[in-house]
Amino acid sequence: MSADLATMLVATVTVGVSLAGLTLALWRGVRTDIRAMEAGLRADIRAVEASLRAEDAELRADIRAVRAAIDADRLAHEALHAAERQTRADEWHELLATIAASREGSP
């Protein structure tokens, strides 16, 4: 084997080993960046989930408040109708009493 061939072989092996080391270093850097990005995304997802849970709880509280207001309005409406029926019944009884009293007083 000639000295030129041996020199080229050593240079080729040196370049190959250097490229392999560079590739490994780049891959480790990329892998570290990917892991950091995944951790950031997980944190973002947890924050969004927490925000959604808070909004859900707030909306559920609003729905409960609206339902309570509807129930209160319904009770007030029913009480108003009951009072109107009672007023009509009282007026009817007064009218009947007036008619009865007028009949008793008529000849």
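It should be noted that the structure appears before, not after, this text.
First, a word on scope: everything that follows refers to the structure included in this document. (Residues numbered from 1 in each chain as written. Predicted model: local features only at pLDDT ≥ 70, side-chain atom pairs only at ≥ 80, totals over all residues. Heavy atoms only, no water.)

Summed over all chains, the structure comprises 3 salt bridges. The salt bridge partner of Arg42 is Glu38, with a shortest N-O separation of 4.0 Å. Taken as a pair, Arg42 and Glu38 lie in helix α1 (residues 3–105) at a separation of 4 residues, close to a single helical turn. Of the residues examined, Arg42 reaches a relative accessible area of 47% and is grouped as partly exposed. Residues Arg74 and Asp71 are paired through a salt bridge, measuring 2.9 Å at the closest nitrogen-oxygen approach. Of this pair, Arg74 and Asp71 both sit in helix α1, separated by 3 residues, roughly a single helical turn. Exposure remark for Arg74: the relative accessible area of 45% places this residue in the partly exposed category. Exposure remark for Asp71: the relative accessible area of 39% places this residue in the partly exposed category. (Salt bridge = Lys/Arg side-chain N within 4 Å of Asp/Glu carboxyl O. Helix = DSSP H or I, 4+ residues; strand = E, 2+ residues; numbered from the N terminus. Buried < 20%, exposed > 50% of the residue type's maximum accessible area, 1.4 Å probe, protein only.)

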